[in-house]
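# Notes for the structure review
One letter stands for each residue in the lines below.
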Amino acid sequence: SLKKISFTSSVKSIGSHAFKGCTSLVQIIIPSSVTSIEDNAFTECSSLRQIIFPISLKFIGRRAFCQCSSLTEILIPSSIVSIKDNTFNGCSSLKQILIPSSVKSIEDSAFSKCTSLMQLTMNIATTKFSLSTFNECQAINHFVVDSSATMIPRFNFSYFKHLTTITIPSSITF
């Protein structure tokens, strides 16, 4: 049973469905040579706890980490500009997400069913997303507006039923 993957520096892309269903996989270390992770590359890797993304990563495909139910944290590199649909759908152990201000769009259901997600940090002024992006993420209780934000657009925070705290940076003036 495959538990850990380390790639050599000659790897540029991780192909579609490459490790789908590797249920014993716990850790992935992706070298700086990798610029893309294709659709469904690690879907259903239910024991996966840790992913280390390189700053060189430019693309993460649809459903790339869908149903990775043991994944507890992800650090999305600032080289990513879009998060595709269902990329982290069903990552039910994920507790917090920091979405860098480089991300300009998050597609439908990208973080849907992340039922343990409690803290979300993002720039709501520059990142386009729909409410289905965070469908069934009812545990979110802390929303942090990214420090790069200069305004808060029209947004309905009541979607997050357990929200108790919103942290607004000093860059926003009222």
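Sequence order as written defines the numbering, with residues in each chain counted from 1. Side-chain atom pairs in this predicted model are given and counted only at pLDDT of 80 or more, local residue features only at pLDDT of at least 70, and totals for whole chains, interfaces and linings cover all residues. Hydrogens are left out, water is left out, and the side-chain values use all remaining heavy atoms of the structure.

### Some remarks on the packing of aromatic side chains
- In this scheme Phe, Tyr and Trp rings, the latter by its six-membered ring, pair at centre separations within 6.5 Å, and the angle between planes marks the pair as stacked below 30 degrees, edge-to-face above 60, and tilted otherwise. Overall, the coordinates contain 8 aromatic pairs when judged by the stated rule.
- Here the aromatic rings of F42 and F65 are separated by 5.3 Å at their centres, their planes lie at 5°, and the arrangement is stacked. Of this pair, F42 sits in the loop between β4 (36–37) and β5 (50–52) while F65 sits in the loop between β6 (59–60) and β7 (73–75), and the two are 23 residues apart along the sequence.
- Classification of residues uses two cut-offs on accessible area relative to the type maximum, computed with a 1.4 Å probe and protein chains only: under 20% is buried, over 50% is exposed, and between them is partly exposed. Relative accessible area serves as the criterion here: at 0%, F65 is assigned to the buried category.
- Members of the aromatic cluster, each reached through a chain of ring pairs, are F7, F19, F42, F53, F65, F88, F111, F129 and F134. The helix count covers DSSP runs of H or I at least four residues long, the strand count covers runs of E at least two residues long, and both are numbered beginning at the N terminus.

### Considering the pairing of strand β12 (residues 142–145)
- Of the two faces of β12, the one holding H142 and V144 and the one holding F143 and V145 are both buried throughout.
- The rule for pairing is simple: two strands pair if DSSP sees at least two bridges between them. As paired strands, strand β11 (residues 119–122) and β12 are joined by 4 bridges and run parallel to one another. Following the sheet pairing, T121 is matched in β12 by V144.
- Sheet topology places β12 next to strand β13 (residues 165–167); 3 bridges connect them, and they run parallel. Paired with F143 across the strands is I166, a residue of β13.

### Side note on the state of the cysteines
- Note that a disulfide, as used here, is simply two cysteine sulfur atoms within 2.5 Å. By the definition in use, this model includes 0 disulfides.
- Lacking any disulfide linkage, C137 is separated from the closest cysteine sulfur, that of C114, by 4.9 Å.
- For C137, a relative accessible area of 1% corresponds to the buried category.

### Regarding the sheet that holds strand β1 (residues 4–6)
- Pairing in this open sheet of 3 strands is parallel, and the strands run β1-β3-β5 from one edge to the other. Only two strands of the sheet have a single partner each, and these edge strands are β1 and β5. Sheet twist, expressed as the average angle between the axes of neighbouring strands with direction ignored, equals 5°.
- Where β1 and strand β3 (residues 27–29) come together, 3 bridges link them in parallel fashion. What sits directly across from S6, in β3, is I29. As a rule, the C-alpha atoms of each element are fitted with a line to give its axis, helices using only the stretch in contact, and angles between N-to-C directions run from 0 to 180 degrees.

### Side note on unusual backbone geometry
- Here H17, not a glycine, exhibits a phi torsion of approximately 65°, which is positive.
- Counting through the fold element by element, H17 comes out in the loop between β2 (13–14) and β3.
- Notably, S109 is not glycine yet its phi reads approximately 60°, a positive angle.
- On the secondary structure map, S109 appears in the loop between β10 (105–106) and β11.

### Observations concerning the nonpolar core
- Take the buried residues of types Ala, Val, Leu, Ile, Met, Phe, Trp, Tyr and Cys, join any two whose side-chain atoms come within 4.5 Å, and each joined set is a nonpolar core. Ranked by internal contacts, the top residues of the largest apolar core, which has 49 residues, are I37, F42, F65, I83, I99 and F111.
- At the level of secondary structure, the elements contributing two or more residues to this core comprise β11 and β12.
- Leave out the neighbours within four places in its chain, and I37 touches I14, I30, F42, F53, L57, F59, I60, G61, A64 and F65. Should any heavy atoms of two residues lie within 4.5 Å, those residues are considered in contact.

### Overview of the environment of I28
- Among the secondary structure elements, I28 is positioned in strand β3.
- For I28 and Q50, which are 22 residues apart along the polypeptide, the C-alpha to C-alpha distance reads 6.5 Å.
- The contact partners of I28, leaving out residues within four places of it in the chain, are I5, F7, F42, L48, Q50, I51, I52 and F65.

### Details of the pattern of salt bridges
- Salt bridge, as used here: a side-chain nitrogen of Lys or Arg that lies within 4 Å of a carboxyl oxygen of Asp or Glu. Taken as a whole and assessed by the stated rule, the structure comprises 3 salt bridges.
- R62 serves as the salt-bridge partner of E107, at 3.4 Å between the closest nitrogen and oxygen. Taken as a pair, E107 in the loop between β10 and β11 and R62 in the loop between β6 and β7 lie far apart in primary sequence, 45 residues in all.
- Residue classification places E107 among the partly exposed positions, given a relative accessible area of 22%.
- Given the relative accessible area of 34%, R62 is considered partly exposed.
- Residue E107 is joined to K84 by a salt bridge in which the shortest nitrogen-to-oxygen separation is 3.6 Å. Here E107, found in the loop between β10 and β11, pairs with K84, found in the loop between β8 (82–83) and β9 (96–98); they are 23 residues apart in sequence, far enough to count as distant.
- Among the charged side chains, a salt-bridge network with shared partners connects R62, K84, D85 and E107.

Purely geometric numbers; function is a separate question.
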